[in-house]
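For reference, the chains in residue letters:
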Amino acid sequence: MITVLNLYARRGSFNLAEISFEVAKGSVLTVMGPNGCGKTTLLECIAGLCKVSSGNIIIDGVDVTGLPPEKRRVGYVPADYALFPNMTVRRNIWLAFKKSNGMCLDGLQRIIRLLQIEDVMDRNVECLSSGQKQKAAIARALAAKPNVLLLDEPCSALDTPTREIFRRGVNSMFKDVFREFSIPIIYTTHDLLEASVVGDKIAVMNYGRIEQIGCINDVFESPASKFIAEFLGYNVLIGHVVSASEAHVSVDVGGAVLNAEGCGNLHENFGEVIIVIRPQDIFLSPTKEVFKPKWKGCQCNILDGIVRGLRMEGSVVKADVVVGDVSLKAEISPDYLDSLHVKPGGKVFVQIKASKVKVLPKRVEV
Amino acid sequence: MKLNIFRVIVSLFLLFVLIFYLCAFVSPAIFVEPWRLANAFLSEEVRFAFYLSIFTATCSTLISIIVGVPVAYALSRLDFRGKSLIEGFLDVPAAVPPIALGVMLLIFFSRNPLGILINEGVIRFVFEVPGIVLAQFAVISILTIKLLKESFDGVPARYEMVARTFGYSELESFIYVTLPAAWRGVLTAALLSWARALGEFGATVMLAGATRFKTETLSIALYLNLAAADVGGVAVVSFLLLLTACLTLMVVRKLLRRGFAI
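Q: I'm lost on the overall build of chain A in this one. Help?
A: If you tally the helices and strands in chain A, you get nine helices and 20 strands. Principal-axis analysis of the C-alpha atoms places the extent of chain A at approximately 70 × 45 × 35 Å. Sorting the 366 residues of chain A into buried and exposed places 52% on the buried side. At a minimum sequence separation of 6, the contacts of chain A that also span at least 24 residues come to 68%. Counting only carbon and sulfur atoms, one obtains 50% of the accessible surface of chain A, whose full area is about 16100 Å². Positive and negative side-chain charges in chain A, numbering 43 and 40 respectively, have mean positions lying 4 Å apart.

Q: What's the story with empty space enclosed by the protein in this structure? I'm lost.
A: Gaps between atoms show up when a probe of the same size as a water molecule is rolled over them. Residues and elements named next belong to chain A. For the structure shown, the criterion picks out three cavities of 30 Å³ or more. Lining the largest cavity, in full, are E221, P223, Y234, V276, I277, R278, D281, K356 and K358. The residue inventory of the lining of the largest cavity, partitioned by class, reads four nonpolar, no polar and five charged.

Q: What's the story with helix α2 (residues 89-98) of chain A in this structure? I'm lost.
A: Those residues of α2(A) not exposed but buried are V89(A), N92(A), I93(A), L95(A), A96(A) and F97(A). Contact partners of the buried residues in α2(A): α3 (105-114) and α4 (130-143) of chain A together with α8 (157-166) and α9 (170-198) of chain B.

Q: Before we go on, may I ask you to explain the packing of helix α3 (residues 44-77) of chain B against α9(B) in this structure?
A: Two packed helices can be described by the angle between their axes and the distance between those axes. Residues and elements named next belong to chain B. Running from N to C, α3 and α9 cross one another at 135°; their axes reach a closest spacing of 9 Å. Judged on the interaxial angle alone, α9 and α3 are oblique. Of the two possible hands of crossing, α3 and α9 adopt the one that is right-handed. Contact residues: S53, I54, A57, T58, S60, T61, I65, V69, Y73 and R77 in α3; F174, T178, V186, A190, S193, W194, A197 and L198 in α9. In the contact of α3 with α9, the residues fall into eleven nonpolar, six polar and one charged.

Q: It is not clear to me how the confidence of the model for chain B should be interpreted in this structure. Could you clarify?
A: Low pLDDT marks regions whose predicted coordinates should not be analysed in detail. Residues and elements named next belong to chain B. Per-chain confidence: chain B averages 89 in pLDDT, with 96% of residues scoring 70 or above. Of all helices and strands in chain B, the one with the weakest mean pLDDT is helix α2 (residues 34-42) (74), whereas helix α7 (residues 129-153) scores best (95). Here the prediction assigns the complex a pTM of 0.79, and the interface score ipTM is 0.78.

Q: Sorry, what's going on with the domain arrangement of chain A here?
A: Accessible area lost upon the coming together of the parts serves often as the stated size of an interface. All names here are of chain A. Taken domain by domain, chain A holds domain 1 (2-221) and domain 2 (226-364). Just the C-alpha atoms count here: the centres of domain 1 and domain 2 sit 38 Å apart. Each partner contributes to the interface: domain 1 provides 13 residues, whereas domain 2 provides eight residues. Together domain 1 and domain 2 conceal approximately 930 Å² of surface at their shared face, both sides included; 68% is due to carbon and sulfur atoms. On the domain 1 side of the contact with domain 2, L192, F220 and E221 bury the most area, a combined 48% of that side's loss. Our count for the domain 1 to domain 2 interface comes out at two salt bridges. One salt bridge connects E221 with K356, and the closest N-O pair in it is separated by 4.0 Å.

Q: Just checking my understanding: could you explain the layout of surface pockets for this structure?
A: Computed from the structure, the largest pocket encloses a volume of approximately 500 Å³. Looking at the largest pocket, it is lined by 17 residues, and the ones nearest its centre are L192(A), L193(A), L232(A), K318(A) and E331(A). Listing elements by their share of the lining of the largest pocket, those giving two or more residues are α6 (192-198), β17 (316-323) and β18 (326-332) of chain A. The dominant element in the lining of the largest pocket, judged by the number of residues it contributes, is β17(A), at four residues. Both domains that meet at the lining of the largest pocket, namely domain 1 (2-221) and domain 2 (226-364) of chain A, each give it at least three residues. Of the voids in this model, the second largest pocket is the one considered here, and its volume is about 290 Å³. Around the second largest pocket, the lining is made up of 13 residues, and of these Y73(B), E160(B), M161(B), R164(B) and E170(B) lie nearest the centre. Elements represented by at least two residues in the lining of the second largest pocket include exactly α3, α8 and α9 of chain B. For the lining of the second largest pocket, the element with the highest residue contribution is α8(B), accounting for four residues.

Rules and cut-offs
Residues numbered from 1 in each chain as written. Chains lettered and ligands numbered in written order. Predicted model: local features only at pLDDT ≥ 70, side-chain atom pairs only at ≥ 80, totals over all residues. Heavy atoms only, no water. Helix = DSSP H or I, 4+ residues; strand = E, 2+ residues; numbered from the N terminus. Buried < 20%, exposed > 50% of the residue type's maximum accessible area, 1.4 Å probe, protein only. Contact = heavy atoms within 4.5 Å. Areas by Shrake-Rupley, 256 points an atom, 1.4 Å probe, with all protein chains shown as cover. Lys, Arg positive; Asp, Glu negative; His and termini not counted. Charge placed at Lys NZ, Arg CZ, Asp CG, Glu CD. 1 Å grid on protein atoms, 1.4 Å probe; cavity = no way out; pocket = protein on both sides within 12 Å on 5 of 7 lines; lining within 4 Å. Points joined across faces, edges and corners; volume = space filled by probe spheres on them. Nonpolar A, V, L, I, M, F, W, Y, C, P; charged D, E, K, R; others polar. Axes fitted to C-alpha atoms, helices over the stretch in contact; angles between N-to-C directions. Parallel < 35°, antiparallel > 145°, perpendicular 65-115°, else oblique. Left-handed = near helix turned anticlockwise from the far one by under 90°. pLDDT = per-residue confidence, 0-100. Domains from an automatic or database assignment. Buried area = accessible area lost by both parts, 1.4 Å probe. Salt bridge = Lys/Arg side-chain N within 4 Å of Asp/Glu carboxyl O.

What follows is the structure in structure tokens.
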């Protein structure tokens, strides 16, 4: 297990602050955030490659904060993989294996087999594809038998199809490898899709701090701040509380009133609040009646809207809809768009379940 | 096809430079009788000068590599106060003419108490063979350091960082990761420094003197033969220096064509 307690570090003018988390053996923490938020600095602090100002890093009960990198037994795979040049994959892995603490030859062969790199062992690292480099770098890190594995954006160098293969494969091959070793894994990425399939827990970083940490569903369903909601691509609106009770709250957002559920801590004089709605929770309907059968009986917001734009992104259609003075992003399937018969400029009814409207006090903002 | 005047002009300049050096290189062979060349090749003096040059150039190159590797690594990897001042200071020996460098070394070993102590109590440099090695080292070490630094700069520090996470100390990371990654650059630095040491004259003649069969390297032999108006000897020594330079550069070009690739 790895425990990071109130970690502070400084690199030039950049500060890492108040970093605390715990990753159990066999589980994966995905650290997500935009470029420059401190993901790599955090991993380098854990690996001992960046000086820590204060705080503690405890690995398997041992405080390693003051130890040099060679005494920490932390496997680190940087974003560019850093495979040693002018050497074969075998020599790269052998260099790590030579210093391993109790890794047997059978174990090493099992890693190579699980990662499917038997065929490239005698190839020079410069002759490998990005995917092969990634696997070779992970095999090399594991060959040293680390107590923690740090993967810094391992997919950043992959092209889109290979990245897609990795995403699919991560649930089988990589998870087999990770399970086999049963060590804590910290995995950084700025890709939402990757973050949603790789980790057991997710931490979202911004300006050197962790803004939210929790299970993937909790973070994706209930972002704790405006930054996280915007980073996840959700609709973020500023509104005023019109009425509030224990069970629900009504918020005026640019002329349209939205009802939300379960906001007991808000009251009518609360003032400005932040409304967060996921694009996939906005449903566009041709009629004013609740369109989804399973929503019947639930409190539902039904608003008049005008479609401003429609565009295909991957397998979904992104729609920009104007409601009152505000613009909302919605995601619908291409098949549904065909049945909706709507074009830019056309009128639709925007339906949002009250339980899917999240209200955050504005003071939470960082 | 329209003639490009600019391209013609630059090509003519290129041709001029090629002809200029070609004339200089082939003239000793054309204007000296073959029997004189053959005699000079077989002369004991030329053979002595050749072996002494190879020996001293190899010694000074080895010393400059041994000293240059840690210095170049420190300049490449460490960040410390006054680093740019030190880098600037290290450029000075490269800008000073070798003959002036030789004079400074001669004054140090003959006038400075510490220099006198070293010269008389530890190892005799003035007008002796070790003086040739020291003079060559003084001239080539800056070139060696610059070339080595360039090759270490080409190896990202990240490799050493990753090696350290496997359990390697800083020294082990350098030996097992950085040096193998930079070997081509290190070899190129050694070869170019060796070629430069082989042709060194100014500092050598000042510190080690020009004594026949004692401190007579190829360049000194060239100077002595010229003073004695031995045209055959001059031509042979020039030819030997040219041949060695060409062979060294061929190896360096072959190495560089593959790049300092990492």
